[in-house]
Amino acid sequence: MGVCACHAPTMDLTAPTLRQDGARLLIWPLLALAILAALWSAVRWQDAEEDLQAEASLLREAHNYAQAYEHFLGRSLGQMDHISLQLKYDWEQSGGRLAMDTLLRQGMFADAAFAAISLYDAQGRLRSSTRPQLAPPQLADSPAFAYHRNHISTALRLQLPARGPHGQDWIAFSRRLDTADDGFDGVILLQIDAAYFTAFDDGLGLGPSGLVALRLLEDNGAIAQLASADGRTELLRDLPWPGGSSETGATLVPARAFPDGEARALGWQTVRAYPVQALVGLAQGPARAALTASQRARRQWATLASVLLGLAGLGGALASWRLLQRERAEQAIRAAYRTATEHANDGFFLVEPERDGRGQIHDFRLQDCNERGASFYGLGRAELIGMRLSQLHAGHPVYFAQLLHEYTDALHSGFAQSDVEMPRSGRMRLEWAQRTLVRAGPGLAVTLHDISRQKRHETELTKLANEDTLTGLPNRHWLRAELPRMLEAAGAGGYRLALLFIDLDGFKQVNDTLGHAAGDSVLAEVGTRLQRLLRPGDHVVRLGGDEFLVVLAPVESIATAHSVGERVLRALAQPCQLGENQYSIGASIGISCYPEHGQSAEVLLQQADIAMYAGKTDGKGQVRPFHPALFEHLQARSQARQALRTALAERQFFLMYQPRIDARSGQLLSMEALLRWQHPLRGTIGPGEFIALAESHGMMGELGALVMDLACAQLADWQARGLPLVPLSINVSPTQFGSGSVDQQLAEAMARHQVPAHLIEVEITESAMMGEQAEVQAQLRALRALGIRLHIDDFGTGYSSLWQLQRLQMDGLKVDRAFTQGLDQGSDGRILFEAIISMAHALGMTVVAEGVETPQQLAILQTLGCDEVQGFLLARPLPLAAIEARLSARQFDFAWRPARVA
């Protein structure tokens, strides 16, 4: 320690001295070799661990994508199942008279995804098809046809993709048709564009070599390749299935298994209720690229460290016991370390322990670092060197205590590695890091690898699978996983759990009249209000559409849950601000409780749904706990719905006719077509009993098309028989306008029966005018272009404005009966009606007074200049025979007495 390093004195070297010097010369090289062995062992070990973690992360990602794709396939296959089942029902109910080309002309299956929808007889011959040119002319040799012929089963059957005439892939769905005695009557075949099932990949970023596919379990586990991100469609054709019989999982498939030579992580998930597995493949190459760069930097650092260790060993051999040379060697090592790590992506640190008087480690001090590592802490390298860990994490004592424990353990064991979430602080620039600790002499070499983006990506995937994107609430997938666990906890804790099944009342009208953007705003507002009402431990779930679920746990009693439901109704009844207007919306709520109403999640959800549905059908806006008697109510409702479907299929409907009369001359000017149901058991049923049922079950489009056809057919009959004709007006509901095909349906009916446009009038309500303005205007313009006159029905009961009346250019106003009833009850009624007439005439519209029931009302209307009148004073709705007699007369004598009632 006291020898001067400035010069070397001459000395006689004896044999022992030479041996000692030789020993000193060997100590440092041997030590350097040992350190190098440990260093490269650590580098190889860390590389291997990172490889394993990268593979595990890629497998998790592939599995998460497969689960998300399974939900997409489940919904898509469910739609095909529903369509084929409905077509089977329609076919069997029509007695084998269903024509697919007619359905296509009516606007069904117009989507490009439906390549062809076809019906085949029991011999496999093509009966009918939406696109006969694309349908196979016969199916007798098809395995699917043979399966349906030999098995009495209504199950949907899927077939591997077939190549279409333009190079596209089709997926075929088939279902058996039965005769009345369950005999084989043929099959339904749906040829669907395979691209329909790959919309899941849009915007997900699977990478240029990513792929999605489905595997059909019925066809010996064959894989049906639908699409890949780079357009190649044959990547999985010859791949031996690696998943065995497991329903879900993920595995790495080597590059040699794929034609493009790209190794992939393959995730799969069996679709519930269908023999299909969803497959997602993620290329291993992109994931390996960033990892390879990190490993290359680490090996460069290790290589340089190896050179430096060799130099240090040589320097130690020349002057092993000289302190000055040792210090200079340490300085050279640190300088070279900084050079090797300065431009690396990872943060590198050298720390040494600080001990108390008893030799116990109480802190660590940073001896060196690279600029990248210093930037993680929002500091420069010069600022960070010399700081203690306790200073760096002064605001996080719990985290510092955990860090001290882990560093101390690594100093004893020699190595440690873990993924850590970094503490949140104003200067910390790192969210998540993979931290590697390697013992280096008296201290530790610390590596921080930034994995924040990877962790955020994993979080986003989990969020995508479990969160509703519109409201931010948990979704049905989350509920399916969490509700069984909540029920298990309730059973273990001995407390009650309640489900509130919430269905919004009137939400469809918001979509139909104000548009889907307004509907989305309402759904988001409903989610926010529900969250504000509940306790922190309760949950709000959006099930889909306008359905929500509230989970209350614990809850004292069913009465308590009912009280919460009443609070929900009051909260939702508050108006929503939609643009410049306010809109009120209600809800119907069904309640089921564990353990009273069921033990499983499926049963409790079903009971709550039944209770909600019963409350909705009894008047809406109700909170209804489940009761076994509700099953009977639900069954009756289902029977009514089925009876209406049968009535539509068998055309159990006819028209009544109510005249519209010139208020001055008594001349018959027009008639309103009014629909009636001729029930085979109950007789004639008015629209009050079946219109709402048709609206709630999506049958208004078909019912409206039937009215158009009946009206045009009757006009054509009168025209052929030479009867004097007047225009016939048809009522069109907001739902029909919402479908966007009123003009097309009416034009087809008129062309089919060769009825001129001047004999048809269309009556629309004010609420229909409040729908999507562009769509409504387009349909009204199309109707007007056909030559059809347009009237506003029940004027005064809606929200139309003078600006709308002027812009839409209607031909007439039918003033609601409420205004007519007020004519002979005071001057206010007359003044209001006179203002309506003046306004309509100024806009070039005729005025029809509805609900005229007394001679006094008629006289006042004549005085006010009303154009036309309609009501029981003149004639009630008349059957066909009675109206035909009136058509010949064309005159209604009401000047001194009411018209005769037919």
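Please read all numbers here as calculations on a predicted model, not as lab measurements. (Residues numbered from 1 in each chain as written. Predicted model: local features only at pLDDT ≥ 70, side-chain atom pairs only at ≥ 80, totals over all residues. Heavy atoms only, no water.)

**Concerning the pairing of strand 15 (residues 443-450)**
Here's step 1: Among the eight residues of strand 15, six are classified as buried, and the element is accordingly described as predominantly covered.
Here's step 2: For strand 11 (residues 347-355) and strand 15, the ladder comprises five bridges, and the chain directions are antiparallel. Paired with L350 across the two strands is A445, which belongs to strand 15.
Here's step 3: Relative to strand 15, strand 14 (residues 432-440) runs antiparallel, the two being bridged by eight bridges. Among the inter-strand pairings, A440 is bridged to a residue of strand 15, identified as G443.
Here's step 4: What sits between the antiparallel neighbours strand 14 and strand 15 is a turn of two residues, in which G441 has the positive phi angle 65°. (Buried < 20%, exposed > 50% of the residue type's maximum accessible area, 1.4 Å probe, protein only. Helix = DSSP H or I, 4+ residues; strand = E, 2+ residues; numbered from the N terminus. Pairing = 2+ DSSP bridges.)

**Topic: the nonpolar core**
Here's step 1: The biggest cluster of nonpolar side chains holds 80 residues, and the ones touching the most others in it are F653, M671, L746, I760, I788, F833 and V869.
Here's step 2: For this core, the element with the most residues is helix 18 (residues 700-721), which contributes 11 residues.
Here's step 3: Once residues within four sequence positions are removed from consideration, F653 is found in contact with L644, A647, L648, L675, R676, W677, F690, L703, L706 and L710.
Here's step 4: Judged by nonpolar contacts, the second largest core, of 41 residues, contains L87, L103, I171 and L177. (Core = buried A, V, L, I, M, F, W, Y, C linked by side-chain atoms within 4.5 Å. Contact = heavy atoms within 4.5 Å.)

**Focus: unusual backbone geometry**
Here's step 1: Residue A553 is joined to P554 through a cis peptide bond whose omega torsion reads -5°.
Here's step 2: With an omega dihedral of 10°, the bond running from Y594 to P595 counts as a cis peptide bond.
Here's step 3: Within the element layout of this structure, P595 appears in the loop between strand 21 (586-594) and helix 15 (601-617).
Here's step 4: Phi at D182 takes a positive value of approximately 70°, unusual for a residue other than glycine.
Here's step 5: Here D182 lies in the loop between strand 4 (169-178) and strand 5 (184-193).
Here's step 6: Of note, the phi angle at R651 is positive, near 55°, even though the residue is not glycine.

**Quick notes on the sheet that holds strand 12 (residues 361-369)**
Here's step 1: Taken together, five strands build an open sheet; the order of strands is 12-11-15-14-13 and the sheet is antiparallel. This sheet does not close on itself; its edge strands, each paired only once, are strand 12 and strand 13 (415-421). Across this sheet, the average inter-strand angle for adjacent strands is 30°, counted without regard to direction. (Axes fitted to C-alpha atoms, helices over the stretch in contact; angles between N-to-C directions.)

**Some thoughts on a nonpolar patch on the surface**
Here's step 1: On the surface, a cluster of nonpolar side chains totalling about 330 Å² of accessible area is made up of L26, L30 and L33.
Here's step 2: With respect to the helices and strands, L33 occurs in helix 1 (residues 15-93). (Patch = residues over 30% accessible without salt bridge, like charges linked within 9 Å, V, L, I, M, F, W, Y side chains within 5 Å. Areas by Shrake-Rupley, 256 points an atom, 1.4 Å probe, with all protein chains shown as cover. Salt bridge = Lys/Arg side-chain N within 4 Å of Asp/Glu carboxyl O.)

**Let's talk about the pairing of strand 16 (residues 497-505)**
Here's step 1: Of all the nine residues making up strand 16, nine are buried; the element is thus mostly covered by neighbouring parts of the structure.
Here's step 2: Side chains L497, L499, F501, D503 and D505 project from strand 16 onto one buried face, and the interleaved A498, L500, I502 and L504 project onto a second face that is buried too.
Here's step 3: Examined bridge by bridge, strand 16 and strand 21 share nine bridges and lie antiparallel to one another. Paired with D503 across the strands is S588, a residue of strand 21.

**So, the pattern of salt bridges**
Here's step 1: Scanning the entire structure with this criterion turns up 32 salt bridges.
Here's step 2: Note that E92 is salt-bridged to K88, the shortest N-O span being 2.6 Å. Here E92 pairs with K88, and both are found in helix 1, just four residues apart, close to one helical turn.
Here's step 3: Overall, K88 belongs to the buried group, its relative accessible area being 6%.
Here's step 4: Across the pair R358 and D356 runs a salt bridge whose closest N-O atoms are separated by 4.0 Å.
Here's step 5: We classify R358 as exposed; its relative accessible area is 71%.
Here's step 6: Three or more residues are tied together by salt bridges with common partners; here these are R660, E672, E761, E763, R789, K814, E850 and E868.

By themselves, these are just geometric observations and shouldn't be taken as functional.
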